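Here are the chains, one letter per residue:
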Amino acid sequence: MSYQALYRKFRPQEFSEVKGQDHIVTTLKNQIKTGRIGHAYLFTGTRGTGKTTMAKLFAKAVNCEHPLEDGSPCGQCSCCQAANKGASMNVIELDAAAHTSVDDIRQIIEEVSYPPTEGNYKVYIIDEVHELSGSAFNALLKTLEEPPSYVIFILATTEVHKIPITIMSRVQRYDFHRITIETIHDRLKELADAEGVVIEDKALTYIAKAGDGSMRDAISLMDQCIAFYIGEELTYDKVLNNLGAVDTEIFSKLLRAIISHNTNEAIGVVEEIVTLGRALDQFVNDFIWYLRNLMLLTSDANMENALEMSSENLARLKEEAAMVDMEVVMRYIRIASELLAQMKYSTQKRVMLEIAIVKLCSPQMEKDFGSLVDRIGQLEQKMEEGIPMVSPMQMQGAAPTEQIKKKELPKAVADDVKKAVREWKNFLSGMENPYLRTILPKGRATVEEDGSFVVVFDAHDQTQNLAYKECEERKESIHEMFSQYLEVDIPIKFTLNSTGVDSSKIYPDAIAHFAQEADIKIDVEDF
């Protein structure tokens, strides 16, 4: 007898063997038990979640001669035996991907006029029903609405959004959930024991995770590994090797190189992956999962109970969670996800991966909020390490501090400008945009010699230099928000202090001055 794939060999023959879809199993069994059987059903969900299996089980159960008390088929009668062998005349399967025309549907319409030769119902299972043409759907519509009492239609699809609303309104819809890693793991363990295969628990967990919510995919992956290492114990390393995957330690090594902005080391990890012969798209997919775990742990330390990993890997991930901000992690996930989508259609996967690595290590290449936080963190770390942040003017020999006189506030300052200065800190603290709330306080609010409101940034401070450029790009929106806050139109200027001397030593403390003038006590520590 020829070899039979595991997912076919162990296809559930009873409702109790269906895993991860208890909500649907219970409903269908109750319908059978009470005789409240519908005439049309729509099973929808991702691949490998049990749609076709459930359809066949339901078809067997409604025709069972001696159903059990809970609605399950007996498995012993002639109808059940025929269904188990795939020889039942009452179950007609149609693959809509290969039979899309109206003629295929018309043939079904002609057949439904004949009652079943045995059993109670004729069950038509139309798989991938979204592939039917518009005319085919129209031909099916009338029969689907008022079929003979002995006919049941079960439509299955992975793309429910492509089903016409006229069809949707005539069927009972059941959504099949993605199956949890734990459920898939337990089922794989059962099948491995039944096959007499010794497999490490860690390897089972990885295969279950690689199945991505699909029981069929996970079983096929395990079948592939068993075939490659026939007669041997399946270890975690063997599974990784067969599936073209890498160990978690590699992801940690890559992540730490990216966090430290070490492009050379990060590219070296890619070289290591290529040398090992691993699948690059699988590597990126697993790295996204690793970043997902990091994101959860960064958001809440109590999330460690929800992460399925060893204590050793968890300890390493905790260290990394303390090294990076949430916004930066989300930037990593975005870039990696975009890369994975692009790699599907690329013949230069390695080049695309290396470009993404350079982008991850060089946040200055982007201008989104996550990259800004990453760049600011990088600069602050350098300053903590004592690396001087100097401007080009300083390097060329800017004027010494003592040669630069501190400016004075103009004698006549409009009341609206005074109000703008006094309200600046309150405006920043109440700002809803987290991006602007991060960069605007880097500057010093004061009044220019011409009496205009101005925010000064120091060019020799790289963090302020970067913040100035970002504020200039968003000048109009900041002006509009500030004017609405003050309920008066106040022009706002952003300027760059390129003297090489801190702006606090050049520009007067306008906030403290006008607060004192108005006899207002405020905390000016941050200014």
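Overview of the structure. Since this is a predicted model, take the numbers as computed values, not measurements.

Here we look at the sheet that holds strand β8 (residues 492–497)
Right, on to step 1. Taken in spatial order, the 3 strands make up an open sheet running β6-β7-β8, and their pairing is mixed. Two strands bound the open sheet, and with one partner strand each, they are β6 (444–447) and β8. Pairs of neighbouring strands in the sheet enclose a mean axial angle of 35°, with direction left out of account.
Right, on to step 2. Looking at chain direction, strand β7 (residues 453–458) and β8 are connected through 6 bridges and run parallel. Counterpart to valine 454 in the pairing with β8 is lysine 493.
Right, on to step 3. Where helix α20 (residues 415–429) meets the sheet, its contacts fall on β6, β7 and β8, and the angle it forms with β7 comes to roughly 45°.

Notes on the environment of aspartate 300
Right, on to step 1. Structurally, aspartate 300 is set in the loop between α14 (280–299) and α15 (311–321).
Right, on to step 2. Residues aspartate 300 and alanine 321, 21 residues apart in the sequence, show an inter-C-alpha distance of 9.9 Å.

Let's talk about unusual backbone geometry
Right, on to step 1. In this structure, glutamate 128 takes a positive phi of about 50° despite not being glycine.
Right, on to step 2. With respect to the helices, strands and loops of the structure, glutamate 128 is situated in the loop between β3 (122–127) and α6 (134–145).
Right, on to step 3. Judged by its relative accessible area of 21%, glutamate 128 falls in the partly exposed class.
Right, on to step 4. In the Ramachandran plot, histidine 261 falls in the positive-phi region, its phi being about 60° despite a non-glycine side chain.
Right, on to step 5. Taking the relative accessible area as the measure of exposure, histidine 261 reaches 15% and is therefore buried.

Topic: the pattern of salt bridges
Right, on to step 1. Counted by the stated rule, this structure contains 19 salt bridges.
Right, on to step 2. The salt bridge partner of aspartate 193 is lysine 189, with a shortest N-O separation of 3.1 Å. Taken together, the residues span about one helical turn, with aspartate 193 and lysine 189 both in helix α8 (residues 181–195) at a distance of 4 residues.
Right, on to step 3. Look at aspartate 193 and you get partly exposed, because its relative accessible area is 48%.
Right, on to step 4. Here glutamate 473 makes a salt bridge to arginine 474, at a shortest N to O gap of 3.6 Å.
Right, on to step 5. When its relative accessible area of 47% is taken as the criterion, glutamate 473 is described as partly exposed.
Right, on to step 6. On the basis of relative accessible area, arginine 474 is assigned to the partly exposed category, the value being 23%.
Right, on to step 7. One connected set of salt bridges, linked through shared partners, spans Arg256, Glu319 and Glu320.

The rules behind each value
- Residues numbered from 1 in each chain as written.
- Predicted model: local features only at pLDDT ≥ 70, side-chain atom pairs only at ≥ 80, totals over all residues.
- Heavy atoms only, no water.
- Pairing = 2+ DSSP bridges.
- Helix = DSSP H or I, 4+ residues; strand = E, 2+ residues; numbered from the N terminus.
- Axes fitted to C-alpha atoms, helices over the stretch in contact; angles between N-to-C directions.
- Contact = heavy atoms within 4.5 Å.
- Buried < 20%, exposed > 50% of the residue type's maximum accessible area, 1.4 Å probe, protein only.
- Salt bridge = Lys/Arg side-chain N within 4 Å of Asp/Glu carboxyl O.

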